[in-house]
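# Examining the three-dimensional arrangement
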Amino acid sequence: MEKPAVQCVDEAATKVQSSPAARSNNNGGWISFPFIIGSMAGLSLAAAGWNNNLIVYLIQEFNMSSVSAAKVYNMANGCSTIFPILGAVVADSFLGCFSVIWISSFISLLGALLLTFTAAIDTLRPQKCGYGSDECRNASTSQLTFLYAALALAYLGNGGTRFTIGSMGANQFQKPKHQAIFFNWYTFALYTSNVIGSTVLLYIEDNVSWVLGFAICVAFNIIGLGIFLSGQRFYRHIEPQHESPFVSLAQVVIAAIRKKPFSLGGEHYYHGTKSQDSATRTDFPKPCKFFRYLNRAALVTEGDKKQDGLIAEPWKLCTVQQVEDLKTLIKLFPLWTTGLFLYTPLVIQASLAILQALKMDRRFGSHFKIPAGSVVVFTLISTCITITFTDRVLFPLLNRCIRSSLTPLRRVGIGHLLTVVSMALSALVESKRIKIVKSHHQNNVAAPMSVFLLAPQLAITGIGLAFHSPGYAGFYYQEFPASLKSTSTAVVAVFVGAAFYLGNGVMDLVQSVTGWLPENIDNGRLDNVFWVVCVIGAANSVYYLVCASLYKYKNVDQEVNDSIDKIDSN
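On a predicted model such as this, the values are computed, not experimentally measured, just so you know.

Attention now moves to the overall build of the protein. A count of helices and strands for the protein gives 17 helices and four strands. By residue count, 55% of the 570 residues in the protein fall in the buried class. For the protein, the accessible surface area stands at approximately 23900 Å², while carbon and sulfur atoms represent 64% of it.

Below, the discussion takes up the packing of aromatic side chains. Each aromatic ring pair is summarised here by two numbers: the centre-to-centre distance and the angle between the ring planes. According to the stated counting rule, one finds 13 aromatic pairs in the structure shown. On the basis of an interplanar angle of 90° and a centroid distance of 4.9 Å, the ring pair of Trp50 and Tyr155 is categorised as edge-to-face. Of this pair, Trp50 sits in helix 2 (residues 29-51) while Tyr155 sits in helix 6 (residues 141-171); the two residues are 105 residues apart in sequence, bridging distant segments of the chain. The exposure classification of Trp50 matches that of Tyr155, with both residues buried. Centre to centre, the rings of Tyr472 and Tyr476 are 5.9 Å apart; their planes meet at 5°, and the pair counts as stacked. Of this pair, Tyr472 and Tyr476 both sit in helix 14 (residues 455-479), four residues apart, roughly one helical turn. Both residues of the pair, Tyr472 and Tyr476, belong to the buried class. Through pairs of rings, three or more aromatic residues link up here, namely Tyr472, Phe475, Tyr476, Phe480 and Tyr551.

Attention now moves to the confidence of the model for the protein. Residue-level pLDDT values for the protein average 77, and 81% of them are 70 or greater. In the model, residues 274-282 has pLDDT below 50 throughout and makes nine contacts with residues more than four positions away in sequence or in other chains.

Let's shift gears to a nonpolar patch on the surface. On the surface, a nonpolar cluster with roughly 550 Å² of combined accessible area is contributed by Val90, Leu95, Trp102, Ile103, Phe106, Leu110 and Leu229. Among the secondary structure elements, those contributing two or more residues to the nonpolar patch are helix 4 (66-95) and helix 5 (97-120). Ranked by residues supplied to the nonpolar patch, first place goes to helix 5 with four residues. Within the secondary structure, Ile103 is located in helix 5. Using a relative accessible area of 33% as the deciding quantity, one classes Ile103 as partly exposed.

Glancing now at the environment of Val420. Inspection of the secondary structure assignment puts Val420 in helix 13 (residues 408-440). Those residues in contact with Val420, other than ones at most four positions away along the chain, are Cys534, Gly537, Ala538 and Ser541.

With that settled, consider the pattern of salt bridges. In the structure shown here, the tally under the stated rule is seven salt bridges. Between Arg125 and Glu61 there is a salt bridge, with its nearest N and O atoms 3.3 Å apart. Here Arg125 is found in the loop between helix 5 and helix 6, whereas its partner Glu61 is found in helix 3 (residues 54-61), with 64 residues between them in sequence. The exposure class of Arg125 is buried, given its relative accessible area of 16%.

Three or four residues apart is the spacing at which side chains of an α-helix point the same way, because the helix has 3.6 residues per turn. Helix length check: helix 8 (residues 210-230), at 21 residues, gives a terminal C-alpha distance of 30 Å against a target of 30 Å (1.5 Å per residue), a fit within 8%. All of the buried residues in helix 8 are Trp210, Gly213, Phe214, Cys217, Val218, Asn221, Gly224, Leu225 and Phe228. One side of helix 8 carries all its buried residues, which in axial view fall inside an arc of 145°. Sitting at the head of helix 8, Ser209 places a side-chain oxygen 3.1 Å from the backbone nitrogen of Val211.

For the rest of this paragraph, the subject is the nonpolar core. Membership of the largest hydrophobic core comes to 131 residues, with the highest contact counts inside it found for Trp50, Phe182, Leu335, Leu352, Tyr476 and Phe495. Broken down by element, the residue count for this core peaks at 17 residues, all from helix 11 (residues 320-358). Apart from the residues lying within four places of it in its own chain, the contact partners of Phe495 are Trp336, Gly339, Leu340, Tyr343, Tyr472 and Tyr476.

Attention now moves to the side chain of Asn295. Within the fold, Asn295 resides in the loop between helix 10 (275-280) and helix 11. Not counting residues within four places of it along the chain, the set of residues in contact with Asn295 comprises Tyr269, Pro287, Cys288, Val323 and Lys327.

Turning next to the environment of Trp50. For Trp50, a relative accessible area of 3% corresponds to the buried category. Each C-alpha atom, one on Trp50 and one on Glu205, is 9.0 Å from the other, the two residues being 155 residues apart in sequence. Discounting residues that sit within four places of it in the chain, Trp50 has contacts with Ala112, Leu115, Ala154, Tyr155, Glu205, Phe214 and Cys217.

This next bit is on the packing of helix 13 against helix 16 (residues 526-550). Remark: helix 13 packs on helix 16, axes separated minimally by 8 Å, with the N-to-C direction vectors making an angle of 165°. Considering the angle they form, helix 13 stands roughly antiparallel to helix 16. Crossing of helix 13 against helix 16: the hand is left-handed.

Bringing helix 12 (residues 376-401) into the picture now. Along its 26 residues, helix 12 runs 35 Å from first to last C-alpha, staying within 8% of the 38 Å computed at 1.5 Å per residue. Its maximal kink placed at Thr390, helix 12 deviates by approximately 45°.

Time to look at unusual backbone geometry. You will see that Asn63, though not glycine, has its phi angle at about 55°, which is positive. Along the chain, Asn63 turns up in the loop between helix 3 and helix 4.

Taking the C-alpha atoms as reference points, Arg125 and Phe62, separated by 63 residues in sequence, lie 6.1 Å from one another. One polar contact links the side chain of Arg125 to the main-chain carbonyl oxygen of Ile121, over a distance of 3.3 Å.

Our next topic: the side chain of Thr390. Examined against the element boundaries, Thr390 turns out to sit in helix 12. With residues near it in sequence (within four places) discarded, Thr390 still touches Phe395, Pro396 and Phe467.

Below, the discussion takes up the packing of helix 12 against helix 14. Two elements in contact, helix 12 and helix 14, have axes separated by 7 Å at closest approach and are oriented at 45°. In terms of orientation, helix 12 lies oblique with respect to helix 14. The way helix 12 lies across helix 14 gives a crossing that is right-handed. Along its contact with helix 12, which presents Phe378, Thr379, Ser382, Thr383, Thr386, Ile387, Thr390 and Leu394, the element helix 14 presents Ala455, Leu458, Ala459, Thr461, Gly462, Ile463, Leu465, Ala466 and Phe467. Looking at the contact of helix 12 with helix 14 residue by residue, the class counts come to ten nonpolar, seven polar and no charged.

Definitions and cut-offs
- Residues numbered from 1 in each chain as written.
- Predicted model: local features only at pLDDT ≥ 70, side-chain atom pairs only at ≥ 80, totals over all residues.
- Heavy atoms only, no water.
- Helix = DSSP H or I, 4+ residues; strand = E, 2+ residues; numbered from the N terminus.
- Buried < 20%, exposed > 50% of the residue type's maximum accessible area, 1.4 Å probe, protein only.
- Areas by Shrake-Rupley, 256 points an atom, 1.4 Å probe, with all protein chains shown as cover.
- Phe/Tyr/Trp six-rings, centres within 6.5 Å; stacked < 30°, edge-to-face > 60°.
- pLDDT = per-residue confidence, 0-100.
- Contact = heavy atoms within 4.5 Å.
- Patch = residues over 30% accessible without salt bridge, like charges linked within 9 Å, V, L, I, M, F, W, Y side chains within 5 Å.
- Salt bridge = Lys/Arg side-chain N within 4 Å of Asp/Glu carboxyl O.
- Expected span 1.5 Å × (residues − 1).
- Arc of directions from axis to C-beta.
- Polar contact = N/O pair within 3.5 Å; in protein donor to acceptor, adjacent residues only side chain to side chain.
- Core = buried A, V, L, I, M, F, W, Y, C linked by side-chain atoms within 4.5 Å.
- Axes fitted to C-alpha atoms, helices over the stretch in contact; angles between N-to-C directions.
- Parallel < 35°, antiparallel > 145°, perpendicular 65-115°, else oblique.
- Left-handed = near helix turned anticlockwise from the far one by under 90°.
- Bend = angle between axes of the 7 residues up to and from the residue.
- Nonpolar A, V, L, I, M, F, W, Y, C, P; charged D, E, K, R; others polar.

Have a look at this one:
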């Protein structure tokens, strides 16, 4: 699918393993592994408890309409997945991963605590709608302000920890194979915690008390923070640069614009070494020909360097490595956009599945009723099972039998195709549900159709996630410049967050143009909505295949990519 080599050398890639700016841990990354995974599990479990049932909470306790609650849910989750890029910038530039994680964990704790107050204090939420009453009192401005402040803190903190922990965990290991194993189990722990939070905690919230459910979330947040802090002495800390790498990227653009296309004595590029050293060395790589206009930023002209060989003005002359870092991001951008349109159908499916579940038979046995927000468990369980199977069985089997492996981009490609299949199946299941509803001619009554019929499509979504989620994370961690390692995993969160907003936009467009998505979905055509996102996913899959086939891995990372999936059975 993807091309294995690139035509120029990226110096940063060679420095990632050989000269990391870190305090080495003699015991290796496996000592810190349980602390990082354990803390992430606790924090993720806490977040799952209040996030996955948010739509139901807003409908039942704040008297919101189902579509309005879904939009708030999408908007809030969009913020949660865009916030990681802010945390990553701060981690790479100033504070480091450790400080960003514990501060963000404390912020999410405050948010969960305030959310608990909205459930515990009657004056912080509107009066419940009476049974059989057509009039419901909307939440007041002050009540909504307090609610949104709680959600803002909770989602801000959650966004600052989830992906930054991923980068910090990968930083504990120097071998690409071990980093790949970490990303697999990082994803496994993330989704396992979500399974527990989306079943046990959601059952408590729906059947016992919202207050107790949210209070347990607060407790798990405290436990996760405690586990993380207790492992501090075992962590391999990457020292922050104390300057933003994004400023360095901006300097390349400005310097290229300002630079006239001539140099001293032919093409002489600046590599950050003293002039006497560069005069005697001939092994410096030249900048790539790709986007060669930017090469002017590293072209040495009169007055660009001081007598000692250092840069006279950083906004007029940059190093070759700075130029290559920016080019790397430009090359990755088309693949990044494919992730945006991959997650948009998933976002729409997740929110609409909850609305579907509210209109279906959720009984499990004679006494148990599955919470509507727990349907996400079908996705989470299938993701966990698939990750375990691929990590312990599939990848070692491929390596032994055919001496081949799934590179990160191939794994992502499989995820794309499975997502399209899931959307098509969602449309077919919803079409059947609508027929059953119309045949019974009863509004506001759950259709005699088991909620378990949503399981196959959501399970396929989960299998797809098991391929493309760690695939994207591992791919960006390998290919990003060394100065942007924390940002590398956060960019996944960015396109997931943007997908929430894009998903809201698609739902708004469908509502305004068609009658497919009314307040009561029994009167609409959700199956047509799923067909629309299926077409979007299919077109995006073709676009992805084109981008992946044209992408060239870094030369030094070809060995990384070959070893990524060669995980033995040990």
